[in-house]
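Given next are the chains, with one letter for each unit.
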Amino acid sequence: MRAERAERTDGAGRAGRAGGRPGFALFRDDWGIPHVRAGGARELAYGQGYVTALDRAWQLHVEQHRVLGTSAAFLGPDAADWDGLARRTRLADTARRCYERLDADTAAWVAAYAEGVTDALADGAHERAPEFARTGSEPAPWEPWTPLGVWLSTHLLFAGFPAKLWRGELTRRLGPDAVPLFATDGPGTAGSNGWLVTGDRTASGAALLAGDPHRFIEDPGVYQQIHLAAPGRDVVGLAVPGVPGLAHFGHTGQVAWAITNAMADYQDLYRERLRRTGGAVEAYGPGGWEEVAAHTETYQVAGGEPVTVEVVETGRGTVVVGGPDAGPLPGEEGGAEPANALALRHHPRVSGRLGFETLPALLAARTVADVSAAVDHWVEPVNVLLAADTEGGLLHRAAGYVPRRPAANRLGPVPAWEAGHAWQDEPEPLPEAPAASWAEPGIAVMANERGLAGPLGTEFAPPYRADRIRALLTARTGWRAGEMAAVHTDTYLASARPLLALLGRLDPAALGEPARRLRERLLGWDRHMETGSVDAARYAAFRAEVVRLLAAHPALTGLTGTDGPARADGYPPVFRPWLFATARIAYALESLLTGGPVTEDERLALAAAALGAAAQDDSEQPWGALHRLAPWQAVASGEEWPSVGGDHDCVLSTSSLPGITHLFARGPAARYVWDLARRDDSLWAVPFGASGVPGDPHARDQLPLWREGGLVPVVTDFARLRPVPLPTPSDRSPAR
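Residues numbered from 1 in each chain as written. Predicted model: local features only at pLDDT ≥ 70, side-chain atom pairs only at ≥ 80, totals over all residues. Heavy atoms only, no water.

### Concerning the overall build of the protein chain
Argument step 1. Broken down by element type, the protein chain carries 24 helices and 25 strands.
Argument step 2. For the protein chain, whose C-alpha radius of gyration is 26 Å, the value lies close to the compact-globule estimate of 27 Å for 736 residues.
Argument step 3. Summarising its shape, the C-alpha atoms of the protein chain cover approximately 85 × 70 × 50 Å along the three principal directions.
Argument step 4. Here the protein chain, with 736 residues, has 62% of them falling under the buried criterion.
Argument step 5. Taking all contacts inside the protein chain whose residues are at least 6 apart in sequence as the whole, residues at least 24 apart take part in 70%.
Argument step 6. The positive charge centre, built from 70 side chains, and the negative charge centre, built from 89, are 1 Å apart in the protein chain. (Helix = DSSP H or I, 4+ residues; strand = E, 2+ residues; numbered from the N terminus. Rg over C-alpha atoms; globule rule 2.2 N^0.38 Å. Buried < 20%, exposed > 50% of the residue type's maximum accessible area, 1.4 Å probe, protein only. Contact = heavy atoms within 4.5 Å. Lys, Arg positive; Asp, Glu negative; His and termini not counted. Charge placed at Lys NZ, Arg CZ, Asp CG, Glu CD.)

Structure representation (structure tokens):
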């Protein structure tokens, strides 16, 4: 099967049109997944951009405007806080800087992708997306640097630098000893599962690499299934819409790779003293007062008033909290020389490097050595990576840039005027784990725990997911790709142990009859958070009551009361998810039930009260009736979303906010199984489908499978694919 194809690259390196058509061919499989074939690397990038705009025009439109800080102009007040942060952190300007520092070949490759997006929009791709008409917005051309901006925007908060605000507040309100009690990944952190099984433990004798990235579930999805083929390149994987190549998950036929969040700390916050002197803004640095860059920007808000922000950049970084006219930062009121601003320092802004040189190199990789050499250029986010090749090569390492600086920088905001908090010239060394050092022969697991990346971070996920995955994999050999779904969907909740242990220490004679019955029921529960489990729902209700009572405990009301950090006037609303103490208490439940400011007698009394409250509900609802998907949509569709099993610390990690809601917004944003014996025996799935167009047959066709843990086959043989005609070129769209 063939589709008409024309290929040309003009003298400027532009992957342009020839014969009136883009220089690539498009095919689709039975699930509508795009397969792009082109005659060269730049034409392939152009085709990837073009096809992504066909399937995800609205999503790309939103991402483009989030980079520019102009999304509130058509999304309204809910987007205004983000737009302010994007402008204050100078996302677009940083993207331009990073693009300008790319080598010529990589820059042309990225520009070709952006051109493909623009041309597809000019050819009317956006007309399939009803959100444009609903919001009264029109597409605009992409700049060559826009893909770098999309990456920066997507990952600006990925490392969770606002957690340093939380730790600062925690220290101020409860003292430094409280910080370790809450040292676990919180509600604003993204994590993942990933595992590799070597050929000694598989049926085929070749490695299997599998996992699922956990992110906030967005519609359209944050990952795009795609196949990219050109001379010297034939790769299938999960792309980030708006970004060329396959940064995180890919299989070339000879080598496959996957990542998880390393939970590294690579962004710093500096406490700044700012003042206005005449028409200038000055900051107090290690050498005294110094003039800094400052200007104002105004952006529009649909249904609201325009917003003006002052953009200030000191020698440390861009100001994200406060400013020259602001009062003291929270907690510094009454100080002799209080700081009145916080500046963010992160490597792309400092160096003009983002690591995009990695992306085209990955597409040409054939061995784990090629993959490792490619990710040597990577900057952020910092990842833990697993890879395997058909020659038996294995790779388990960290990738990215972690600045070398004092330990205090990792814990919270540090004084800008103290030279000792400056970054050193050389970064931290990146750890690697040779296969001979793996805890279990033939098995490597990465699940955001304090393991390989331990020297690089501060807060990590508890070991429950990693331990459970390892236990499931070591229990047998002869693994096949399709059997990995049982690991993806495992719902055992090991983190229930401390709360159930507390329950076991209660005196049954001191409880009322309903509470006594519920206690016995929960102590006999199998600890699986299955959708049909009534016991799982009763446990979740009991846990929620415990969280609420802990939040109301006098020892913690400094965090949860009306003057708690989430309500502090000094912090922009965009940082509130990291400062919301009830959610933090929920995720730190194990620590707070085994130590900390609440005594054992108080914990027992609290558990008894929570059990009594939970026992009042005898509705016998299953977990699935409570635990439902709540994805983020730029424009809400009003759909009813399905129930899904799992919980925060399950391998099937579907994170609700205990004590607040049983709904979950964070979970598996994709699933994959890469088979190194035969690539077309690989499997994958995304939450919704290949298309981001409402009403398209492939907009929701994977949702039932994803809900149940099902996977769809990877098909890379073009003879089994359907060629798809491309739109007729047109210049009628505002995108041209």
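### Regarding the environment of glycine 457
Argument step 1. Relative to the elements of secondary structure, glycine 457 occurs in the loop between β19 (443-446) and α13 (464-474).
Argument step 2. The class for glycine 457 is buried, based on a relative accessible area of 11%.
Argument step 3. Glycine 457 sits 191 residues away from tyrosine 266 along the chain, and the two C-alpha atoms are 8.2 Å apart.

### What about unusual backbone geometry?
Argument step 1. Look at the link from aspartate 219 to proline 220: it is a cis peptide, with omega at 0°.
Argument step 2. In this structure, proline 220 sits in the loop between β4 (208-216) and β5 (224-230).
Argument step 3. Going from glutamate 380 to proline 381, the amide bond is cis rather than trans, its omega being 0°.
Argument step 4. Relative to the elements of secondary structure, proline 381 occurs in the loop between α11 (368-375) and β16 (383-389).

### A look at the packing of aromatic side chains
Two descriptors summarise a pair of aromatic rings, namely the distance from one centre to the other and the angle between the planes of the rings.
Argument step 1. Scanning the model with the defined rule gives 17 aromatic pairs in all.
Argument step 2. Ring geometry for phenylalanine 27 versus phenylalanine 718: centroids 5.0 Å apart, planes at 75°, classification edge-to-face. Taken together, the positions of phenylalanine 27 in strand β1 (residues 24-28) and phenylalanine 718 in the loop between β24 (712-713) and β25 (722-724) put the pair 691 residues apart, joining distant regions of the chain. When sorted by exposure, phenylalanine 27 lands in the same class as phenylalanine 718, which is buried.
Argument step 3. One aromatic cluster is present, formed by Tyr223, Phe249, Tyr672, Trp674 and Trp684 through successive ring pairs.
Argument step 4. Cation over ring: arginine 37 sits above phenylalanine 718, and NZ or CZ is 4.5 Å from the ring centre.
Argument step 5. Its guanidinium or amino end placed over the ring of tryptophan 479, arginine 476 lies 4.3 Å from that ring's centre, counting from NZ or CZ. (Phe/Tyr/Trp six-rings, centres within 6.5 Å; stacked < 30°, edge-to-face > 60°. Lys NZ or Arg CZ within 6 Å of the ring centre and 35° of its normal.)

### Concerning empty space enclosed by the protein
Argument step 1. Enumeration according to the criterion identifies seven cavities of 30 Å³ or more in this entry.
Argument step 2. By volume, the second largest cavity amounts to about 80 Å³.
Argument step 3. Taken together, Ala247, His248, Trp257, Ile259, Thr358, Leu362, Val371, Val375, Trp378, Asn383, Leu385 and Ala399 make up the lining of the second largest cavity.
Argument step 4. Elements with a contribution of two residues or more to the lining of the second largest cavity: β8 (255-261), α10 (358-363), α11 and β16. (1 Å grid on protein atoms, 1.4 Å probe; cavity = no way out; pocket = protein on both sides within 12 Å on 5 of 7 lines; lining within 4 Å. Points joined across faces, edges and corners; volume = space filled by probe spheres on them.)

### Some details on the nonpolar core
Argument step 1. Core analysis: the biggest nonpolar cluster contains 195 residues, and Phe542, Leu550 and Phe575 have the highest contact counts within it.
Argument step 2. Ranked by residue count, the leading element in this core is helix α1 (residues 41-68), at twelve residues.
Argument step 3. Ignoring anything within four residues of it in the chain, the contact list for phenylalanine 575 reads Leu85, Leu157, Phe161, Pro162, Leu165, Val320 and Val321.
Argument step 4. Core analysis: the second largest hydrophobic core is formed by 20 residues, Ala210, Ala481, Val651 and Val673 among them. (Core = buried A, V, L, I, M, F, W, Y, C linked by side-chain atoms within 4.5 Å.)

### Overview of the sheet that holds strand β6 (residues 233-239)
Argument step 1. Judged by pairing direction, the sheet is mixed, and its nine strands sit side by side in the order β17-β16-β8-β7-β6-β5-β2-β1-β25 without closing on themselves. The sheet terminates laterally at β17 (394-399) and β25, the two strands that pair on one side only. Adjacent strand axes in the sheet meet at a mean angle of 20°, parallel and antiparallel pairs treated alike.
Argument step 2. In this sheet, β17 lies alongside β16 in antiparallel orientation, the contact comprising six bridges. Considered in β17, the bridge of alanine 387 is made with leucine 395.
Argument step 3. Together, β8, β16 and β17 form the strand contacts of α11, whose direction differs from that of β17 by roughly 5°. (Pairing = 2+ DSSP bridges. Axes fitted to C-alpha atoms, helices over the stretch in contact; angles between N-to-C directions.)

### Re the pattern of salt bridges
Argument step 1. The full count for this structure, using the stated rule, is 49 salt bridges.
Argument step 2. Where glutamate 290 meets arginine 316, a salt bridge forms, and the shortest distance between an N and an O atom there is 3.0 Å. Of the two residues, glutamate 290 sits in strand β12 (residues 288-299) while arginine 316 sits in the loop between β13 (307-313) and β14 (318-322), which places them 26 residues apart along the sequence.
Argument step 3. According to the relative accessible area criterion, arginine 316 is buried, its value standing at 10%.
Argument step 4. For the salt bridge of glutamate 483 with arginine 476, the shortest nitrogen-to-oxygen distance reads 2.9 Å.
Argument step 5. On the basis of relative accessibility, which here comes to 31%, the residue arginine 476 falls in the partly exposed class. (Salt bridge = Lys/Arg side-chain N within 4 Å of Asp/Glu carboxyl O.)

### A look at the layout of surface pockets
Argument step 1. The space that makes up the largest pocket amounts to roughly 1600 Å³.
Argument step 2. Where the lining of the largest pocket is concerned, the elements lending two or more residues are α1, α3 (80-88), α7 (146-155), β4, α19 (576-579), α20 (581-587), β20 (655-657) and β21 (661-668).
Argument step 3. If you tally residues by element for the lining of the largest pocket, the top one is β21, at five residues.
Argument step 4. A breakdown of the residues in the lining of the largest pocket according to their chemical character gives 31 nonpolar, ten polar and seven charged. (Nonpolar A, V, L, I, M, F, W, Y, C, P; charged D, E, K, R; others polar.)

### Brief notes about helix α16 (residues 513-523)
Argument step 1. Turning to α16, its buried residues are Ala515, Leu518, Arg519 and Leu522. Buried residues of α16, viewed axially, fall in a sector of 105°; they line one side.
Argument step 2. At its buried positions, α16 is contacted by α15 (497-504), α17 (534-551) and α22 (600-615). (Arc of directions from axis to C-beta.)

### Some thoughts on the side chain of histidine 488
Argument step 1. Residue placement: histidine 488 occurs in helix α14 (residues 485-488).
Argument step 2. On the accessibility criterion, histidine 488 (0% relative accessible area) is buried.
Argument step 3. A distance of 3.0 Å separates a polar atom in the side chain of histidine 488 from the backbone oxygen of glycine 211.
Argument step 4. If we skip the residues at most four places from it in the chain, histidine 488 touches Trp195, Ala210, Gly211, Asp212, Val651, Leu652, Arg671, Tyr672, Val673 and Leu711. (Polar contact = N/O pair within 3.5 Å; in protein donor to acceptor, adjacent residues only side chain to side chain.)

### Some details on the packing of α1 against helix α5 (residues 104-122)
Argument step 1. With their axes 6 Å apart at the nearest point, α1 and α5 run at an angle of 40° to one another. Classified by the angle between their axes, α1 and α5 sit oblique to one another. Classified by chirality, the crossing of α5 by α1 is right-handed. In this structure, α1 uses Ala41, Arg42, Ala45, Tyr46, Gln48, Gly49, Tyr50, Thr52, Ala53, Ala57 and Leu60 to contact α5, whose residues at the interface are Asp105, Ala108, Trp109, Ala112, Tyr113, Glu115, Gly116, Val117, Asp119, Ala120 and Leu121.
Argument step 2. When the residues that make up the contact of α1 with α5 are grouped by side-chain class, the tally is 14 nonpolar, four polar and four charged. (Parallel < 35°, antiparallel > 145°, perpendicular 65-115°, else oblique. Left-handed = near helix turned anticlockwise from the far one by under 90°.)

### Description of the pairing of β1
Argument step 1. Burial runs high along β1: five of the five residues are buried.
Argument step 2. Here β1 shows two buried faces, one formed by Phe24, Leu26 and Arg28 and the other by Ala25 and Phe27.
Argument step 3. Sheet analysis places β1 next to strand β2 (residues 34-38), joined by five bridges and oriented antiparallel. Its bridge partner being in β2, alanine 25 is matched across the sheet by arginine 37.
Argument step 4. Count of turn residues in the β1/β2 antiparallel hairpin: five residues, of which glycine 32 carries a positive phi of about 75°.
Argument step 5. As paired strands, β1 and β25 are joined by three bridges and run antiparallel to one another. In the strand pairing of β25, phenylalanine 27 is matched with proline 723.

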